[in-house]
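Architecture and fold: a report
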Amino acid sequence: MRRRTLLTGMTAGLAGMASTPAWAHDRRVLHVHPGDSVQAAVDAVTGPGRTIVVHPGTYREVVNIPAGAAELTVRGAVRDPRAAVIVYDNANGTKKPDGTTYGTAGSATFTSAAPGLTVRDLTLANDWLRADHPEITGTQAVAAYTYGDRTHFENVRLLAHQDTLFVETTALDVFDRQYFHRCYIEGDVDFVFGRATAVFEECHFHTLQRDVTFTPKGMVFAPSTARANPHGILAVRSRITSGAEDGAYKLARPWVPSYETTAWPSLVVRDSWIGPGIDPVTPYTNMREQYPWQTMRFREYGNSGPGAVISVPENRPQLTAGEAALHTKRTYLGDWCPRA
């Protein structure tokens, strides 16, 4: 019950409070207070370039931002991302009222299709727990599902277990760009995954302890990059820590979806600190044997830490200095320069 403990107590005494939505008179900047709904503020957006300010509190709801809410900013009222928390607890296998299940994407607490979205100074979480639902086998439970071009997360905490952050694109042949700066992302199985061109700069990835006897207990990344896209997931100047024992996790495995069997997953981890929780001898593994990781675009460059030790070179493909120059924030994001 660790997650529920983390997310409760932050708004003690606020239950039952209600307030008149602050956007009643000003629809350019919409303020959300405990007792209000973040989704109601999203629904009230009347044009591009609006800002939603989420004041300290816990908002237990699902938030879905449509493509029409272009250039929207959703931010906490204070800089501490722990102060304002948006959380829900759907999983892939959770049943809807009509008896069907949500599926992986549908389980997300926060979903956005809006181009130019900025999210900052917030916590987005999915606190669904396997132990509470032993009858459910579809245990993917997404905190954030993003698939709009120029998506920017700044100082955001993303908390879940399996499939925490789904970085996707609007279509199979579209290479939407996403940028995550100084974010904290935790989970256990494939907790950063998808086919977007996604740059993680100065981020902190944390693998959770998991009550299983087998290893690996999970993987940090599971890219599903389209074959035509030269850029997949890039983690630069970041760090990977763990709440599990040494070597219990893999750095990544390739995801080749059944609906896109031509995918050619791409991951570059460079200039980052990799802690002892990552297996240094065999840091990669397969999701399906017919798609071995050795045939994928998995590369490293300039990493340090006990989880980055190169003891078996063929198990840790490295970029050359010349190749590394092609795997930077600038080359991945192109003409888009997000500001902190």
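Throughout this description, residue numbers start from 1 for each chain and increase along the sequence as written. Restriction of local features to residues with pLDDT of at least 70 applies here, the model being predicted, together with a cutoff of 80 or more for giving and counting side-chain atom pairs; totals for whole chains, interfaces and linings are based on all residues. Where side-chain values are given, they derive from all heavy atoms of the structure, hydrogens and water being excluded.

**Structural notes on the pairing of strand S19 (residues 218-223)**
Look at any regular strand and the pattern is simple: side chains alternate between the two faces of the sheet. Here S19 lies mainly inside the structure; 6 of its 6 residues are buried. In this sheet, S19 lies alongside strand S16 (residues 192-194) in parallel orientation, the contact comprising 3 bridges. Following the sheet pairing, valine 192 is matched in S19 by phenylalanine 221. When DSSP finds two or more bridges between a pair of strands, those strands are recorded as paired. A run of DSSP states H or I qualifies as a helix once it reaches four residues; a run of E qualifies as a strand once it reaches two. Both are numbered from the N-terminal end. The pairing of S19 with strand S22 (residues 249-252) spans 3 bridges and is classified as parallel. Along S22, the bridge assignment pairs glycine 218 with tyrosine 249. The rule is simple: take the accessible area with a 1.4 Å probe, protein chains only, and divide by the maximum for that residue type; under 20% is buried, over 50% is exposed, in between is partly exposed.

**Digging into unusual backbone geometry**
A cis amide bond links threonine 215 with the next residue in sequence, proline 216, at an omega value of 0°. Tracing the backbone through its elements, the reader meets proline 216 in the loop between strand S18 (204-207) and S19. With a phi angle near 55°, asparagine 155 is a residue other than glycine that sits in the positive phi range. As for its position among the elements, asparagine 155 is in the loop between strand S11 (151-154) and strand S12 (157-159). Here arginine 237, not a glycine, exhibits a phi torsion of approximately 50°, which is positive.

**A short note on the sheet that holds strand S15 (residues 184-187)**
Neighbouring strands of a sheet are bound in pairs by backbone hydrogen bonds; such pairs are parallel or else antiparallel. Strand order in this open sheet of 8 strands is S3-S6-S9-S12-S15-S18-S21-S24, and the pairing throughout is parallel. Each of the sheet's edge strands pairs with one partner strand only, and the pair in question is strand S3 (57-60) and strand S24 (273-274).

**What to know about the nonpolar core**
Within the largest apolar cluster, 60 residues are counted, with the highest numbers of intra-cluster contacts made by Ile52, Ile65, Phe153, Phe200, Phe205 and Phe221. Residues belong to one nonpolar core when they are buried, are Ala, Val, Leu, Ile, Met, Phe, Trp, Tyr or Cys, and are joined through side-chain atoms within 4.5 Å. In terms of nonpolar packing, the next biggest core, distinct from the first, is built from 9 residues, Tyr179, Val199, Val268 and Leu319 among them.

**Brief notes about the side chain of glutamine 39**
For glutamine 39, the location among the structural elements is in helix H2 (residues 38-43). Note on glutamine 39: relative accessible area 16%, which makes it buried. Each polar contact in these results corresponds to two N or O atoms within 3.5 Å; when the atoms are within protein, one needs to be able to donate a hydrogen and the other to accept it, and residues that are neighboring in sequence are counted only if both atoms are side-chain atoms. Of note is the side chain of glutamine 39, whose polar atom sits 2.6 Å from the backbone nitrogen of asparagine 64. Any pair of residues with heavy atoms lying within 4.5 Å of one another is described as a contacting pair. Setting aside chain neighbours within four positions, we find glutamine 39 in contact with Glu61, Val62, Val63 and Asn64.

**Quick notes on the side chain of threonine 225**
Position of threonine 225 relative to the elements: it lies in the loop between S19 and strand S20 (233-236). From its side chain, threonine 225 meets the backbone nitrogen of serine 266 in a polar contact 2.9 Å long. If near-sequence neighbours (up to four positions away) are discounted, threonine 225 is found in contact with Gly194, Arg195, His231, Gly232, Ala263, Trp264, Pro265, Ser266 and Arg297.

**What to know about the pattern of salt bridges**
Should a side-chain nitrogen of Lys or Arg be within 4 Å of a carboxyl oxygen of Asp or Glu, the pair is scored as a salt bridge. Taken as a whole and judged by the stated rule, the model has 19 salt bridges. Arginine 150 is the partner of glutamate 71 in a salt bridge, and the nearest nitrogen-oxygen pair spans 3.0 Å. Linking glutamate 71 in the loop between strand S4 (63-65) and strand S5 (73-76) with arginine 150 in the loop between strand S10 (144-146) and S11, this pair joins segments that are 79 residues apart in sequence. A cluster of three or more residues bridged by salt bridges with shared partners is formed by Arg60, Asp89 and Asp127.

**A short note on the layout of surface pockets**
In this approach a probe as big as a water molecule rolls over the atoms, and the regions it shows empty are the leftover space. Definitions used throughout: a 1 Å grid over protein atoms alone; a cavity as a set of points that fits a 1.4 Å probe which cannot get out; a pocket as an open set with protein on both sides within 12 Å along at least five of seven lines; a lining residue as one with an atom within 4 Å of a point. Grid points are joined across faces, edges and corners, and a volume is the space filled by probe spheres set on the points. Space inside the second largest pocket adds up to approximately 220 Å³. Considering the residues around the second largest pocket, the lining is formed by Pro230, His231, Trp264, Ser266, Val268, Met296, Arg297, Arg299, Leu319, Glu323, Leu326 and His327. Broken down by secondary-structure element, the contributors of at least two residues to the lining of the second largest pocket are strand S23 (266-270) and strand S25 (297-301).

**Considering the packing of aromatic side chains**
The pairing test for Phe, Tyr and Trp rings, Trp by its six-membered ring, is centres within 6.5 Å, and the orientation test on the planes gives stacked under 30 degrees, edge-to-face over 60, and tilted for anything in between. Evaluated as defined, the whole model comprises 13 aromatic pairs. With a centroid separation of 4.2 Å and 15° between ring planes, the pair formed by phenylalanine 166 and phenylalanine 193 is classed as stacked. Of the two residues, phenylalanine 166 sits in strand S13 (residues 165-167) while phenylalanine 193 sits in strand S16, which places them 27 residues apart along the sequence. Note on accessibility: phenylalanine 166 and phenylalanine 193 belong to one class, buried. Centroid distance tyrosine 284 to tryptophan 293: 5.0 Å. Interplanar angle 35°. Geometry classified as tilted. Each member of the pair, tyrosine 284 as well as tryptophan 293, is classed as buried. A connected cluster of aromatic rings, assembled from ring pairs, spans Phe110, Phe153, Phe180, Phe200, Phe205 and Phe221.

**Thoughts on the environment of asparagine 126**
Looking at the secondary structure, you find asparagine 126 in strand S9 (residues 123-126). Residues asparagine 126 and arginine 60 lie 66 residues apart in sequence; the distance between their C-alpha atoms is 9.9 Å. Among the polar contacts made by the side chain of asparagine 126, one reaches the main-chain carbonyl oxygen of serine 107 at a distance of 3.3 Å.

**Things to note about the sheet that holds S4**
Reading across the sheet, the 7 strands line up as S4-S7-S10-S13-S16-S19-S22 and stay open at both edges, with parallel pairing between neighbours. Whereas interior strands pair on both sides, the edge strands pair on one side only; in this sheet they are S4 and S22. Along the sheet, successive strands turn relative to each other by an average axial angle of 15°, direction set aside. When S10 meets S13, the two strands line up parallel, connected through 3 bridges. Bridge pairing in S13 places tyrosine 145 opposite phenylalanine 166. Angular values range over 0 to 180 degrees, each being the angle between N-to-C directions of two axes fitted as lines to C-alpha atoms, with helices fitted over their stretch in contact.

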